[in-house]
Amino acid sequence: MIIKKILTKNSGLIQPSEITDQKIYLSRRKFIGTATRASVVIAAGMVMPGWLRNSYAATSLSAKKLSNIRKSSLSTQEPQTPYGDVTTYNNFYEFGTEKDQPAQKAHSLITRPWTVVVEGEIRRPKTYDIDTLLKLAPLEERIYRLRCVEGWSMVIPWIGFPLSALIKQVEPTANAKFIEFTTLHDSKQMPGQRSGVLEWPYVEGLRIDEAMHPLAILAVGLYGEVLPNQSGAPIRLVVPWKYGFKSIKSIVKIRFIEKATASSWMKAGPHEYGYFANVNPAVDHPRWSQAKERRIGEFLKRDTLPFNGYADQVAQMYAGLDLNKFF
Ligand SMILES: Nc1nc2c(c(=O)[nH]1)N[C@H]1C(S)=C(S)[C@@H](COP(=O)(O)O)O[C@H]1N2
Ligand SMILES: [Mo]
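Residues numbered from 1 in each chain as written. Chains lettered and ligands numbered in written order. Predicted model: local features only at pLDDT ≥ 70, side-chain atom pairs only at ≥ 80, totals over all residues. Heavy atoms only, no water.

## With respect to unusual backbone geometry
What you tend to see is this: most non-glycine residues have negative phi, and most peptide bonds are trans.
Here is step 1: Looking along the chain, the bond that leaves Arg112 and enters Pro113 is cis, with omega of -10°.
Here is step 2: Inspection of the secondary structure assignment puts Pro113 in the loop between α6 (101-105) and β1 (115-120).
Here is step 3: With an omega of -5°, the peptide bond between Trp200 and Pro201 qualifies as cis.
Here is step 4: Mapped onto the fold, Pro201 is located in the loop between β5 (178-183) and β6 (203-207).
Here is step 5: Its identity as a non-glycine residue notwithstanding, Asn68 has a phi of 55°, on the positive side.
Here is step 6: Within the fold, Asn68 resides in the loop between α4 (48-56) and α5 (83-86).
Here is step 7: Classification of Asn68 as exposed rests on a relative accessible area of 73%.
Here is step 8: Phi is positive for Ala277, which is not a glycine, with a value near 55°. (Helix = DSSP H or I, 4+ residues; strand = E, 2+ residues; numbered from the N terminus. Buried < 20%, exposed > 50% of the residue type's maximum accessible area, 1.4 Å probe, protein only.)

Here you go:
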């Protein structure tokens, strides 16, 4: 596993025999207390692998910095999940189902040249070059919570622009009620697509009003740099009030449609993954509770908030909808 590899590289810092897990973290505090970074570690409430990974790579050495980034009032003030965790603990089944596989394998993804086909119920269908999309609207930093359906969460400083900016430019017709997003399908670049764990390509969807909501963004970077491949380069959706699986990565097609189509996760588990997938502590996944979550890097679980804490801004879109039925 990646943690072990990093520990080996840092062998002067800590011996492999010191590798521990979170359960015995507290009993190790004495040991940590002698380390230089101890105060930082304890103040941030982080577990050992987190600070080791983070000290190993505060940001990447090779990624390109993005410039002229505006701050946004829509950002959360909560502490950000360290870069090392954000970029090594990923779900991206196109590169395997283990959390550390995307970081290890996504180098095979070629992100230039890259085009995104925008089509369907719109007046201005167009194939956008990724570098055109980067200039479509001013880039903003959006620090958002991301809550995975599996029960963990992160706080990530995305760089991107409102999805609404693209939607306005292509002029949807009156028939455009939903938007379908599609990930690249190429098993040479994405070896995980040789497995049948999901139906490929990965497909997700939003209702048009959800897609127009100011919180919904197309992200092209994080932590001030272009997106690492494992995070969905070169362009991915981020919809912070919905479970992470809605935030589809490495998008090649955006199609405006009249009737919603099933997402890859709905096909994989129709009773487990709904179209809306709004974060909801009151509606359990059939196999586990959704009431609590573990913020990556924290020791104790915290309560999951309705709509992932964005209820004030988004709940009105679902007024009158039975959230038990439309999960
Ligand atoms: N194409 C694609 N997009 C995807 C996934 C995936 O497997 N393939 N996983 C989803 C899930 S389950 C989550 S939780 C988030 C994780 O995003 P992150 O790795 O940037 O944290 O990506 C989502 N987008
Ligand atoms: Mo997820």
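## Topic: the site of ligand 1
Here is step 1: The environment of ligand 1 is made up of 16 residues, and the closest members are Asn90, Tyr93, Glu94, Arg236 and Lys249.
Here is step 2: In this structure, a nitrogen atom belonging to ligand 1 sits 3.0 Å away from a side-chain N or O atom of Thr183.
Here is step 3: For ligand 1, an oxygen atom lies 2.9 Å from a polar atom in the side chain of Arg236.
Here is step 4: Notes on ligand 1: free accessible area 540 Å², of which the protein chains cover 99%.
Here is step 5: Of the residues belonging to the shell around ligand 1, the class tally is 8 nonpolar, 5 polar and 3 charged. (Near = heavy atom within 4 Å. Polar contact = N/O pair within 3.5 Å; in protein donor to acceptor, adjacent residues only side chain to side chain. Areas by Shrake-Rupley, 256 points an atom, 1.4 Å probe, with all protein chains shown as cover. Nonpolar A, V, L, I, M, F, W, Y, C, P; charged D, E, K, R; others polar.)

## What about the pairing of β5?
Here is step 1: Counted residue by residue, β5 has 6 buried out of 6 residues, so it is predominantly covered.
Here is step 2: Side chains Phe178, Glu180 and Thr182 project from β5 onto one buried face, and the interleaved Ile179, Phe181 and Thr183 project onto a second face that is buried too.
Here is step 3: Bridge count for β5 against strand β10 (residues 251-257) is 6 bridges, and the pairing is antiparallel. Bridging from a neighbouring strand, Thr182 pairs with Lys253 of β10. (Pairing = 2+ DSSP bridges.)

## A closer look at the nonpolar core
Here is step 1: Membership of the largest hydrophobic core comes to 74 residues, with the highest contact counts inside it found for Trp158, Ile235 and Trp241.
Here is step 2: Sorting elements by how many residues they give to this core places strand β4 (residues 152-162) first, with 6 residues. (Core = buried A, V, L, I, M, F, W, Y, C linked by side-chain atoms within 4.5 Å.)

## A short note on the pattern of salt bridges
Here is step 1: One pass over the full model with this rule turns up 19 salt bridges.
Here is step 2: Notably, a salt bridge pairs Glu204 with Lys246, separated by 2.8 Å at the nearest N-O pair. Linking Glu204 in strand β6 with Lys246 in the loop between β9 (236-238) and β10, this pair joins segments that are 42 residues apart in sequence. Note on accessibility: Glu204 and Lys246 belong to one class, buried.
Here is step 3: One salt bridge in this structure joins Glu210 and Lys242, with 2.6 Å as the shortest N-O distance. (Salt bridge = Lys/Arg side-chain N within 4 Å of Asp/Glu carboxyl O.)

## Some details on the sheet that holds strand β2 (residues 126-129)
Here is step 1: Spatially, β2-β1-β10-β5-β6 is the arrangement adopted by the 5 strands of the open sheet, whose pairing is mixed. Looking along the sheet, the strands with just one partner apiece sit at the ends: β2 and β6. Taking each pair of neighbouring strands and ignoring which way they run, the sheet shows an average axis angle of 20°.
Here is step 2: Note: β5 against β6, 5 bridges, orientation antiparallel. Residue Phe181 lies in a different strand from β6, and its bridge partner there is Glu204. (Axes fitted to C-alpha atoms, helices over the stretch in contact; angles between N-to-C directions.)

## Remarks on the pairing of β1
Here is step 1: Taken together, the 4 bridges between β1 and β2 define a ladder with antiparallel strand orientation. Paired with Val118 across the two strands is Lys126, which belongs to β2.
Here is step 2: If you look at the hairpin formed by β1 and β2, you'll find 5 residues sitting between the two strands.

## Considerations on the packing of aromatic side chains
Here is step 1: Across all of its chains, the model carries 13 aromatic pairs by this definition.
Here is step 2: With a centroid separation of 5.7 Å and an interplanar angle of 75°, the aromatic rings of Tyr83 and Tyr223 are classed as edge-to-face. Of this pair, Tyr83 sits in helix α5 while Tyr223 sits in the loop between β7 (217-222) and β8 (225-226), and the two are 140 residues apart along the sequence.
Here is step 3: When the centroid spacing of 5.8 Å and the interplanar angle of 85° are considered together, the rings of Phe178 and Tyr275 count as edge-to-face. With Phe178 in strand β5 and Tyr275 in the loop between α10 (264-268) and β11 (292-295), the pair connects residues that are 97 residues apart, well separated along the chain.
Here is step 4: Residue classification places Phe178 among the buried residues on the basis of a relative accessible area of 18%. (Phe/Tyr/Trp six-rings, centres within 6.5 Å; stacked < 30°, edge-to-face > 60°.)

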